[in-house]
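Observations on chain architecture
Listed here are the chains, written in short residue letters.
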Amino acid sequence: MASLLCNARIQLTDTLEQMQQGTLMRKVKSKSWKKQRYFKLQEDCMTIWYQSKRTGKTESAFSISDVETVREGHQSEVLQSVAEEFPPERCFTIVFYGRRGNLDLVAGSAEEAQCWIQGLRQLIEVATTMDQKEKIDQWIRDWFQKADKNKDGRMNFKEVQRLLKMMNVDMNEDHALRLFQDADKSESGTLEGEEFVLFYKALTQREEVLSLFQEFSEDGKKLTLLELVDFLREEQLEDEGTEELAMELIDKYEPSETARARHVLSADGFLMYLCSLEGSIFNPQHRVLWQDMSQPLCHYFISSSHNTYLIEDQIRGHSSIEGYIRALKRGCRCLEVDCWDGPNGEPMVYHGHTFTSKIPFREVVSTLGKYAFKTSDYPVILSLENHCSMEQQEVLAQQLKDILGEQLLTTTIDGHVPIQLPSPEELKHKILLKGKKIGRLEDTLDGPGDEAPDVSDDDNGAEAEEERRRAKKDKETLAQALSDCVIYCKNVPFRGFQEARSHSRPSEISSLSEAKARKLIRDEGNEFVRHNAWQLTRIYPSGMRTDSSNYSPQEMWNVGCQIVALNFQTAGMEMDLCDGLFSQNGHCGYVLKPPFMRDKETLFNPSDPSSWEGPGPITLTIQVISGQQLPKVANSKEGAIIDPLVRVEIYGVPADQAHQETKYIENNGFNPRWDETLQFQLHVPELALIRFVVEDYDKTSRNDFVGQFTLAFANIKPGYRHIHLLSKDGTSIPPSSLFVHIRITEPPGPEQD
């Protein structure tokens, strides 16, 4: 059984053996909550469970694949709060993917802490570098662990029946018994080791993939290199270097060595390819950095967070450094800090006039310095809500300069006044402060490019007078040192597009509430698009959203708003759209806007079809074929099996917004078959996002969420594709997927003479 239990790539070191024996450590939740728990690595080397020392009952378990990283020492607010009690060499933090809270631990000795830190890092490395075959083997081991109730390393029919329920399978007993007996080669009445693997493979047999394979295979047993090339060209619409691609796929996914040597692909290899990244709906060439990064900042959508310091709601929520770390790790490039006077001359960050907890500004800045460029090299904009006194504003400026050093941008990139905003490429590894500024940028610089638009002498005099008046007023409330840190993102009030065009500058930015933005979209859609072609606009949620709910970012992106700030701490459709748009381009947090949104004279208006260019709508046809191993619904009754349906939602310009759904399949979350075709017309595909949602149908109340996946239309690969579903939190839930066929039909071009 050992062969099934432990991943072949894991070398059982002394460290791992020590972890398997178990260790008593303190789990710390706060200064006053520090309880002893017994932590133990399971035999599969991929699961850790811990139990209460007092009651002895298993409290919780987690899988290594849920862990993103391990931090050593006092690297969380919780462990910093107990720093005087426990030395850093005994402390470490386990950080999970998604919105799950950290696990802060204190070991009995520095050696024990090192054992767990190094051991966990070794296992995380294995978990993140598994290939497709190793992942399948791991899922099999996971299921075996869960179902082997008495831990004797073998599984009787009763345990198998319970496993089927856990896997969302509603199978009649005769059929289940037949599969069980077929796999029980030793006829011992139990399944062990390889027998269980056989059972799992029989269970996960994919008829729909097999019949597709046989359509292209002459002998029904293998695809020759040429047959695979035909499939890739005809169905997957791979038109460049198809033979090289076919060779690569065989090398990568064919499990049999002899088949690989003969350059053929078996049905197993074919399924592995379809389930891999190359067989996914997301174009792999767009996952990496693929866009031009040398255009002005205002030509990009920028991943932006609101109240970044909160990890709950904004009335009583907990302010935390983790909010910044999580946002930056997700590729967020615009963060918000609300600064208020704090004790002992130290400015604090929190949501003013509410009961949220507080963090020193200094800590936010050092976290920013440390994590700003781990996920992306491109600039971070720090949006400063400054409520501090003059004295503490001086402290803000000093801390920004001292802690960030070279990272903080304190002058224009060439020392001249800009005629347009610099590009993400030119601002790599720089942190830009967005805030109020005394006077104009040119007052502190000299240079050829005068930013001021041409105005008549009369206007000039009046405007200069107004500028002087404003600067004088700002000087009374704004510290010069802080003002000097603001270069390309000077906050200015929005006084209409006309006013902006005649008096504003590219290095100025206005913030609008969602309601104000909606009114402008409705009344002056085209003007809004033009404005965003040369200046940045930030949109923020209404103050009424005390529960930190979000608005749909799509309508703001439709007019080219770049900094559409969302509450990253709140899961839901709005954050799915945000994650969907920014999952491309190397996750760098910048996505280039379509050409018709980068032109100051554009005629485009998202609400006016007559302003759209192009030959007409394209047709997106989605055949929803099947689902694989869908997860259970959270908090569902023991033994309940889902009735899944798939809904496809289109987000884009108003004329493209649409959704359609399949019928639901009763009692089958394991391998439901829908075989239904949904069709959509897209007039402005460049702005469209497609969201696939799986729900558990409920005729008496709202359907429950099962999983989703969202991507920009521009990143879709046509053909037979798997969609790897994500949880509510945006984390992956392998092996849950949908199998679909995608066809994109362009409108007929103009008639040729």
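Residues numbered from 1 in each chain as written. Predicted model: local features only at pLDDT ≥ 70, side-chain atom pairs only at ≥ 80, totals over all residues. Heavy atoms only, no water.

Attention now moves to unusual backbone geometry. A cis amide bond links P734 with the next residue in sequence, P735, at an omega value of -5°. One non-glycine residue with positive phi stands out, namely Q629, at about 45°. Even without being a glycine, D675 presents a positive backbone phi close to 50°. Relative to the assigned elements, D675 resides in strand β26 (residues 673–682). For D675, a relative accessible area of 39% corresponds to the partly exposed category. (Helix = DSSP H or I, 4+ residues; strand = E, 2+ residues; numbered from the N terminus. Buried < 20%, exposed > 50% of the residue type's maximum accessible area, 1.4 Å probe, protein only.)

In this structure the tally under the stated criterion is 32 salt bridges. E208 serves as the salt-bridge partner of R206, at 2.9 Å between the closest nitrogen and oxygen. A single burial state applies to R206 and to E208, both of which are buried. Several salt bridges share partner residues, and in doing so they unite D576, R647, E649, E661, R691 and E695 into one network. (Salt bridge = Lys/Arg side-chain N within 4 Å of Asp/Glu carboxyl O.)

On to the confidence of the model for the protein. Within the protein, residue pLDDT values average 91, and 94% of them lie at 70 or more. This model gives residues 447–457 a pLDDT under 50, and the stretch forms 20 contacts once residues within four places in sequence are excluded. (pLDDT = per-residue confidence, 0-100. Contact = heavy atoms within 4.5 Å.)

The next thing to look at is the packing of helix α7 (residues 173–183) against helix α8 (residues 194–203). Following both chains from N to C, one finds α7 and α8 inclined at 140°, their axes separated by 8 Å at the closest point. Relative to α8, the element α7 lies oblique. Viewed along their axes, α7 and α8 form a crossing whose handedness is right-handed. Listed contacts from α8 to A176, L179, F180 and A183 of α7 are E195, L198, F199, A202 and L203. For the contact of α7 with α8, the class distribution of residues is eight nonpolar, no polar and one charged. (Axes fitted to C-alpha atoms, helices over the stretch in contact; angles between N-to-C directions. Parallel < 35°, antiparallel > 145°, perpendicular 65-115°, else oblique. Left-handed = near helix turned anticlockwise from the far one by under 90°. Nonpolar A, V, L, I, M, F, W, Y, C, P; charged D, E, K, R; others polar.)

What the rule picks out here adds up to zero disulfides. For C91, which is in no disulfide, the shortest distance to another cysteine sulfur is to C115 and amounts to 16 Å. What makes C91 buried here is its relative accessible area of 1%. No disulfide involves C578; its sulfur sits 7.6 Å from that of C332, the nearest cysteine. Judged by relative accessible area, which is 3%, C578 ranks as buried. (Disulfide = S-S within 2.5 Å.)

Looking now at the nonpolar core. Counting 70 residues, the largest nonpolar core has L335, V337, F361, L400, F528, W557 and F604 as the members making the most contacts within it. Setting aside chain neighbours within four positions, we find F604 in contact with N526, V529, N558, F596, M597, S611, W612, V653, V684 and L687. Residues L725, L726, L738 and V740 belong to the second largest nonpolar core, which totals 33 residues. (Core = buried A, V, L, I, M, F, W, Y, C linked by side-chain atoms within 4.5 Å.)

What follows is about the UniProt feature "domain: PI-PLC Y-box" (unreviewed entry) in the protein. As annotated by UniProt and renumbered to match this structure, "domain: PI-PLC Y-box" (unreviewed entry) occupies residues 482–598. In the segment residues 482–598, helix accounts for 35% and strand for 21%; the C-alpha atoms at its two ends are 32 Å apart. (UniProt positions renumbered as here; feature names shortened; annotations may be inferred.)

In this section: a positive patch on the surface. A cluster of like positive charges, contributed by K149, K151, K158 and R162, occupies part of the molecular surface. With respect to the helices and strands, K151 occurs in the loop between α5 (132–147) and β8 (155–156). (Patch = residues over 30% accessible without salt bridge, like charges linked within 9 Å, V, L, I, M, F, W, Y side chains within 5 Å. Areas by Shrake-Rupley, 256 points an atom, 1.4 Å probe, with all protein chains shown as cover. Lys, Arg positive; Asp, Glu negative; His and termini not counted. Charge placed at Lys NZ, Arg CZ, Asp CG, Glu CD.)

To continue, consider the packing of aromatic side chains. All chains considered together, the criterion is met by 21 aromatic pairs. Seen from their ring centres, F144 and F196 are 4.9 Å apart, and the 80° between their planes marks the pair as edge-to-face. Of the two residues, F144 sits in helix α5 while F196 sits in helix α8, which places them 52 residues apart along the sequence. For the pair formed by F144 and F196, the shared burial category is buried. Centre to centre, the rings of F596 and F604 are 4.6 Å apart; their planes meet at 40°, and the pair counts as tilted. The exposure class of F596 is buried, given its relative accessible area of 15%. Three or more aromatic residues joined by ring pairs make a cluster, and in this case those are F213, F216, F231, F270, Y720 and F739. One cation-aromatic arrangement involves R287 over F282; the distance from NZ or CZ to the ring centre is 4.1 Å. (Phe/Tyr/Trp six-rings, centres within 6.5 Å; stacked < 30°, edge-to-face > 60°. Lys NZ or Arg CZ within 6 Å of the ring centre and 35° of its normal.)

Among the structural elements, I94 can be located in strand β6 (residues 91–96). For I94, a relative accessible area of 2% translates into the label buried. A sequence separation of 26 residues divides I94 from L120, and the C-alpha atoms of the two residues are 9.0 Å apart. With sequence-adjacent residues up to four places away left out, I94 is seen in contact with F62, V67, T69, N102, L103, L105 and L120.

Take the UniProt feature "active site" (unreviewed entry) in the protein next. This chain's UniProt record puts "active site" (unreviewed entry) on H306 and H351. In sequence the annotated residues extend across 46 residues, while in space they remain close, none of their C-alpha pairs exceeding 11.2 Å. None of the other annotated residues line the second largest pocket; only H306 and H351 do. Taking the relative accessible area as the measure of exposure, H306 reaches 8% and is therefore buried. Relative to the elements of secondary structure, H351 occurs in the loop between β14 (348–349) and β15 (359–360). There is a polar contact of 3.1 Å between the side chain of H351 and the side chain of Y309. (1 Å grid on protein atoms, 1.4 Å probe; cavity = no way out; pocket = protein on both sides within 12 Å on 5 of 7 lines; lining within 4 Å. Polar contact = N/O pair within 3.5 Å; in protein donor to acceptor, adjacent residues only side chain to side chain.)

Here we take up the layout of surface pockets. Of the volumes computed, that of the second largest pocket is approximately 1000 Å³. In terms of lining, the second largest pocket is formed by 46 residues, of which the most central are L384, E385, N386, K436 and N491. Listing elements by their share of the lining of the second largest pocket, those giving two or more residues are β13 (334–340), β16 (380–386), α17 (390–404), β17 (431–435), α19 (457–477), β18 (486–491), β19 (508–513) and β20 (536–540). The element that contributes the greatest number of residues to the lining of the second largest pocket is α19, accounting for seven residues. A breakdown of the residues in the lining of the second largest pocket according to their chemical character gives 14 nonpolar, 18 polar and 14 charged. (Points joined across faces, edges and corners; volume = space filled by probe spheres on them.)

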